[in-house]
Amino acid sequence: MENTVKPYVIKEKPAPKLSVWRIKIESLITGAIVFGFLFIMLAIEVMPVLWTFSTSLRPAIRAYELPPSFLPTAWEWSNYWTVITMQDIPFVGFFVNSLRISIAVTLGQLLTCSMAAFAFARLRFPGRDTIFFLYLATMMVPGSVTGIPVFIIIRNLGLIDSHAALIIPGLTSALGTFLLRQFFLSLPNELMDAARIDGAGFLRIFASIFLPLIGPGLSALGIFVFLGSWHNYYGPLLFLRSWDKFTLPIAIAILPGLGKYTMPETLALIILSIVPIMLIFLFGQRYVIKGIALTGLKG
Amino acid sequence: MAVLTKSSKKFHLQERESLAGYMFIAPSAVFLLVFLAIPIVASLVLIWTEYDMLTPPRFVGFANFARLFTDARLATVYRNTVFLVIGVTLLNNLLGFLLALAVNRPMNKVLSYLFRTGLFLPVITTTVSMAVTWRFLLASDRGVINWVLGTLGFDAVPWLASSQLSLVAVMFYDVWKTCGHAMVLYLAGLQGIPEHLYEAARVDGAGRWHLFRHVTLPLITPTAFYVFVMYIIGAFQIFDNAVVLTGGGPGDSSRTIAMYIYEKAFRLYEMGYASTISLTLFALLVTLTLIQFVLGRKWVFYE
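Thresholds, definitions, all that
- Residues numbered from 1 in each chain as written.
- Chains lettered and ligands numbered in written order.
- Predicted model: local features only at pLDDT ≥ 70, side-chain atom pairs only at ≥ 80, totals over all residues.
- Heavy atoms only, no water.
- Helix = DSSP H or I, 4+ residues; strand = E, 2+ residues; numbered from the N terminus.
- Rg over C-alpha atoms; globule rule 2.2 N^0.38 Å.
- Contact = heavy atoms within 4.5 Å.
- Buried area = accessible area lost by both parts, 1.4 Å probe.
- Salt bridge = Lys/Arg side-chain N within 4 Å of Asp/Glu carboxyl O.
- Polar contact = N/O pair within 3.5 Å; in protein donor to acceptor, adjacent residues only side chain to side chain.
- Nonpolar A, V, L, I, M, F, W, Y, C, P; charged D, E, K, R; others polar.
- Expected span 1.5 Å × (residues − 1).
- Buried < 20%, exposed > 50% of the residue type's maximum accessible area, 1.4 Å probe, protein only.
- Axes fitted to C-alpha atoms, helices over the stretch in contact; angles between N-to-C directions.
- Parallel < 35°, antiparallel > 145°, perpendicular 65-115°, else oblique.
- Left-handed = near helix turned anticlockwise from the far one by under 90°.
- Phe/Tyr/Trp six-rings, centres within 6.5 Å; stacked < 30°, edge-to-face > 60°.
- Lys NZ or Arg CZ within 6 Å of the ring centre and 35° of its normal.

1. Focus on the overall build of chain A
- Within chain A, the regular secondary structure consists of 13 helices and zero strands.
- When the helices and strands of chain A are listed from N to C terminus, the series reads α-α-α-α-α-α-α-α-α-α-α-α-α.
- For 299 residues, the compact-globule estimate of 2.2 N^0.38 gives 19 Å, and chain A exceeds it by more than 25% at 26 Å.
- With the C-alpha coordinates aligned to their principal axes, the bounding extent of chain A is approximately 80 × 70 × 35 Å.

2. Concerning the interface of chain A and chain B
- Facing the 98 residues of chain A at the interface are 94 residues of chain B.
- Taking both sides of the interface into account, the surface hidden between chain A and chain B amounts to around 8800 Å²; carbon and sulfur atoms contribute 76%.
- On inspection of chain A and its partner chain B, the count reaches one salt bridge.
- In this structure, Arg124 of chain A engages Glu17 of chain B in a salt bridge whose closest nitrogen and oxygen atoms are separated by 3.5 Å.
- Here chain A is connected to chain B by ten residue pairs in polar contact (both at pLDDT 80 or more).
- Across the side of chain A that touches chain B, the residue classes break down as 72 nonpolar, 18 polar and eight charged.

3. Quick look at helix α7 (residues 174–185) of chain A
Residue and element names in this part refer to chain A.
- Helix length check: α7 (twelve residues) gives 16 Å between terminal C-alpha atoms against 16 Å at 1.5 Å per residue, within 8%.
- Summarising burial for α7: nine of the twelve residues are buried, a large majority.
- Listed in full, the buried residues belonging to α7 are Ala174, Gly176, Thr177, Phe178, Leu179, Leu180, Arg181, Phe183 and Phe184.

4. A short note on the packing of helix α9 (residues 208–235) of chain B against helix α12 (residues 271–299) of chain B
All names here are of chain B.
- Relative orientation of the contacting elements α9 and α12 amounts to 170 degrees, with a least axis distance of 11 Å. As summarised for this structure, α9 and α12 are arranged roughly antiparallel, according to the angle between their axes. Considering how the two elements wind past one another, α9 and α12 form a crossing that is right-handed. Residue-level contacts link Thr221, Ala224, Phe225, Phe228, Val229, Ile232 and Ile233 of α9 to Leu285, Leu288, Thr289, Gln292, Phe293, Gly296 and Trp299 of α12.
- In the contact of α9 with α12, the residues fall into ten nonpolar, four polar and no charged.

5. Things to note about the side chain of Thr55 of chain A
All names here are of chain A.
- Here Thr55 shows up in helix α1 (residues 16–56).
- Looking at Thr55, the relative accessible area reads 1%, which means it is buried.
- A distance of 2.8 Å separates a polar side-chain atom of Thr55 from the backbone oxygen of Trp51.

6. Structural notes on unusual backbone geometry
- Here Asp161 of chain A, not a glycine, exhibits a phi torsion of approximately 65 degrees, which is positive.
- For Asp161 of chain A, a relative accessible area of 17% corresponds to the buried category.

7. Some details on the packing of aromatic side chains
- In this structure the tally under the stated criterion is 37 aromatic pairs over all chains.
- Taken together, a centroid distance of 5.7 Å and an interplanar angle of 70 degrees make the contact between Phe118 of chain A and Phe184 of chain A edge-to-face. Of this pair, Phe118 of chain A sits in helix α3 (residues 91–122) while Phe184 of chain A is found in helix α7, placing the two residues 66 residues apart along the sequence. Each member of the pair Phe118 of chain A and Phe184 of chain A is classed as buried.
- Put simply, the rings of Phe151, Tyr234 and Phe239 of chain A together with Phe239, Tyr262 and Phe266 of chain B touch in pairs and so form one group of aromatic residues.
- Of note, Lys24 of chain A hangs over the ring of Trp21 of chain A, and the distance from its end group to the ring centre comes to 5.4 Å.
- The ring of Tyr273 of chain B is capped by Arg67 of chain B, whose NZ or CZ atom sits 3.8 Å from the centre of that ring.

8. A closer look at helix α10 (residues 215–231) of chain A
- If you check α10 of chain A, its first and last C-alpha atoms are 24 Å apart, about what 17 residues at 1.5 Å a residue would give, namely 24 Å.
- Taken across its 17 residues, α10 of chain A has 13 buried, putting it largely inside the fold.

Here's what the structure looks like:
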């Protein structure tokens, strides 16, 4: 195999022995480069998370010791206890707030998006394609454009400083509708015909035939929406005012600035905030990856 | 007679289906109307006004537009944002594509799982919390990054305290957080390339480089196009990263356009001017996306 081989031209095989060795050596070298690259990138991506965990378990006086460690060198669980029971930021309350908002938004989107997606994928009605195109168009509008008017609307509804301010605007999304539509479209046409011959109403066809079949799509969307809401920092920053209504991302952003807590305690709070989503991710990894591949959704 | 009954029944069924269609989209459509469509129209009204949310909006004509051209800070934050967008878009795409190529090679199942999960890990962590971690890692004094640089023989660097480097730190953080996401998108693209195309080329005597150059590269361009379009829109709105990592400082050196809009609207309550700025961002994004679609015809390969 010389470099002069042109593509798509059948050539006689060159002398075997020499080229077999050459291919072996070449693939060994590329293999080494590829795995070297992968291991370096893996280290860069994973180390900060491991460091957060190992340092969160160090006693405060040893927090800044170098070299850094990526596996725990101490087991100072009291850091976690300090964070959970601290007076300045009621951790449990913030955690419950985050959970409440995320669950409400997730359930809302699963319901509204699946209904709309079903209609766009499986029902025929005048204007359907135009409306769907408008849905897609709204996906291009950046949040910072709608942010100011949405704030004014929420304020006029009297919802400032309530969790409803975060839940209500998040109860549907064009992206979620788009994702679930893809799943509904992948189901066979005969399903609909069979159900209609049996005389089932559309609500029943939707709820008892189609919805159970797009479990993976619902899982993917559910995880995405939950993650997005759990991560949301901009929303709470904008709409919430009182201390007891704040969510975890706000707590994390505030804590280092208080100057009262040590680095390991701050890191313990971070670990506590990412553990729930890690668990969700490990259970639903397949759906997450599939959902991303289908839509490019960003968590 | 029989024919007539049948067709009127059919008509009835279709009417019912249409009605059901509208009912099914109603909940979602109403929310999108209130929180997306109306806000867009409202911002087209706000740009002509001065509005502090305490007194009623006051019509000011072109004043907000005139102000855009004399706002020196706006020029700075736009410059920062464009630098950031170019940096993160190129790096995320390059790393995402290379990682996808590497991970897509046949390898041991355990290793493959380890790489895919590990490289994706930062994507699922909270932006704000890992930004706090990175603030510790990037600390000038006793920060881990500077320690690593030190052991490699480089000088310690004041990442977050220097107005030359703070924006670079924000950029690196975003790439760290996002390149695993790009990897998954490119991986899906690679796996969508039909195997028979590779086989056909191999039968024709194509070597590894030629397979890459003439099969993989052209067939990954639709994915690349999609990722570029989405990521540019996303990168223009970077907010959390910079707020927590640098707070926009020192000075305005790492302030992004989204942070500036936030400051004008929700700290200073200049709703009219803030809407005007966000409209410039919207116009810029629409223009850029259209340009990409036009240029895309030149380099995106469709089967």
